[in-house]
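# Notes for the structure review
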Amino acid sequence: MDKRPIGIFDSGVGGLTILAEIKKQLPNENIVYLGDTANFPYGDKSKDEIINFSRNNVKRLIKENVKMIVIACGTATSQAIDTLKKEFDIPIIGIIEPTVKYIKEKKYKKIGVIATEGTIKSKAWESALKNNINDIQVINKACPMLATIAEEGRAMGEEGKRAIKEYMKPFKQNKIDKIILGCTHYPIYEKLIKEELEYDVELINTGITVANYLKFYLNEKNAQNTSRKDKEIAYLTKPEPYFKNIAKNILDFDIKIK
Ligand code: DGL
């Protein structure tokens, strides 16, 4: 057993969708969340910038004595995970590997991916899917506005609806019925996406695949926490008044924000 917390980071509120699923599956785990709000959004930054931000986030979380790091961000996973794994000894899990594993197990052969501009340009999802699954067809769509609209708490308003209508076009036309939410802000749009597509669609929430993976991993390493005392805590690199309200909508428990 390992009582130390799990460290989770994202550019802002998006990673809370991962945290929510981790707490459902691993309710005893202590969590330290880091939202790099000072550098939000990550989606339009260069690879070097993403590596720098991510490196700082890992260093910050290590100071909190975490037992491992979850990169709860598609953009940071797609561009920084390899470098971080080389630079740090601590176990690091991103959102791509657990999700590709799930898709492989399900034997899906045609899949949509929506993510930030940086993630789609990096081709990280496409390569990981194609390297692991024979003959898989991948339909990518960058959605540059979605993370920002969600971060500012406007996802369910007119702007969110308009953006979803536009970004869902390639999937709607071809009736793609399995779509990876390749940015952790996107589960906030689940309802709108389903309404827009009008047919039965599986939206793959990376929080669920990451939580499954994590549960298995901690079990295997005998590193779960079975007796919990602390509370979840979130640090922000820049105070953001909206964070608390969005956290309330995503999480079914209170998180202390510092
Ligand atoms: N939530 C992040 C992701 O999964 C980052 C979005 C952003 O900061 O642009 O990609």
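Relevant structure appears above.
Residues numbered from 1 in each chain as written. Predicted model: local features only at pLDDT ≥ 70, side-chain atom pairs only at ≥ 80, totals over all residues. Heavy atoms only, no water.

Quick look at the packing of aromatic side chains now. Taken as a whole and judged by the stated rule, the model has 4 aromatic pairs. Residues Tyr102 and Tyr108 carry aromatic rings whose centres are separated by 6.3 Å and whose planes lie at 80 degrees to one another, so their mutual orientation is edge-to-face. Aromatic pair Tyr186 and Tyr189: ring centres 6.5 Å apart, planes at 75 degrees, arrangement edge-to-face. Overall, the relative accessible area of 0% leaves Tyr189 in the buried class. Its guanidinium or amino end placed over the ring of Phe216, Lys101 lies 5.9 Å from that ring's centre, counting from NZ or CZ. Its guanidinium or amino end placed over the ring of Tyr108, Lys178 lies 4.9 Å from that ring's centre, counting from NZ or CZ. (Phe/Tyr/Trp six-rings, centres within 6.5 Å; stacked < 30°, edge-to-face > 60°. Buried < 20%, exposed > 50% of the residue type's maximum accessible area, 1.4 Å probe, protein only. Lys NZ or Arg CZ within 6 Å of the ring centre and 35° of its normal.)

Counting 48 residues, the largest nonpolar core has Ile8, Leu16, Ile22, Ile103, Ile111, Leu129 and Leu214 as the members making the most contacts within it. With residues up to four places along the chain from it excluded, the contact list for Ile103 reads Tyr108, Ile111, Leu129, Ile133, Ile136, Ile180 and Ile204. Counting 26 residues, the second-largest nonpolar core is a separate cluster that includes Phe40, Ala155, Ile164 and Leu203. (Core = buried A, V, L, I, M, F, W, Y, C linked by side-chain atoms within 4.5 Å. Contact = heavy atoms within 4.5 Å.)

Here Glu232 is to be found in the loop between helix H11 (206–221) and strand S9 (233–236). A polar contact of 2.5 Å, which involves the side chain of Glu232, links it to the side chain of Lys23. (Helix = DSSP H or I, 4+ residues; strand = E, 2+ residues; numbered from the N terminus. Polar contact = N/O pair within 3.5 Å; in protein donor to acceptor, adjacent residues only side chain to side chain.)

Let us look at the sheet that holds strand S10 (residues 256–257). Across the sheet, which stays open at both edges, the 6 strands sit in the order S4-S3-S1-S2-S9-S10 with parallel pairing between neighbours. Across the chains shown, the open sheet's two edge strands, defined by having one partner strand only, are strand S4 (92–93) and S10. Most of the contacts of H11 go to strand S3 (residues 68–71), to which it runs at about 165 degrees, and overall it touches strand S1 (6–10), S3 and S4. (Pairing = 2+ DSSP bridges. Axes fitted to C-alpha atoms, helices over the stretch in contact; angles between N-to-C directions.)

Our next topic: the site of the ligand. If you check the shell around the ligand, you find 14 residues, and the closest are Ser11, Tyr42, Gly74, Thr75 and His185. Within the side chain of Asp10, a nitrogen or oxygen atom sits 3.0 Å from a nitrogen atom of the ligand. Isolated, the ligand exposes 300 Å² of accessible area, and the fraction of that covered by the protein chains is 99%. For the shell around the ligand, a count of residues per class yields 6 nonpolar, 7 polar and 1 charged. (Near = heavy atom within 4 Å. Areas by Shrake-Rupley, 256 points an atom, 1.4 Å probe, with all protein chains shown as cover. Nonpolar A, V, L, I, M, F, W, Y, C, P; charged D, E, K, R; others polar.)

To continue, consider helix H1 (residues 16–25). Burial within H1 is extensive, with 8 of its 10 residues counted as buried. Contact partners of the buried residues in H1: S1, strand S2 (31–35), S3, strand S8 (202–205), H11 and helix H12 (242–250).

To continue, consider the sheet that holds strand S5 (residues 110–115). Taken in spatial order, the 4 strands of this open sheet run S6-S5-S7-S8, and their pairing is parallel. The sheet is open, and its two edges are formed by strand S6 (137–142) and S8, each paired on a single side. Across the sheet, the mean angle from the axis of one strand to that of its neighbour is 25 degrees, orientation sign disregarded. Note that S5 and S6 share 6 bridges and pair parallel. From the neighbouring strand, Val113 faces S6, where its bridge partner is Asn140.

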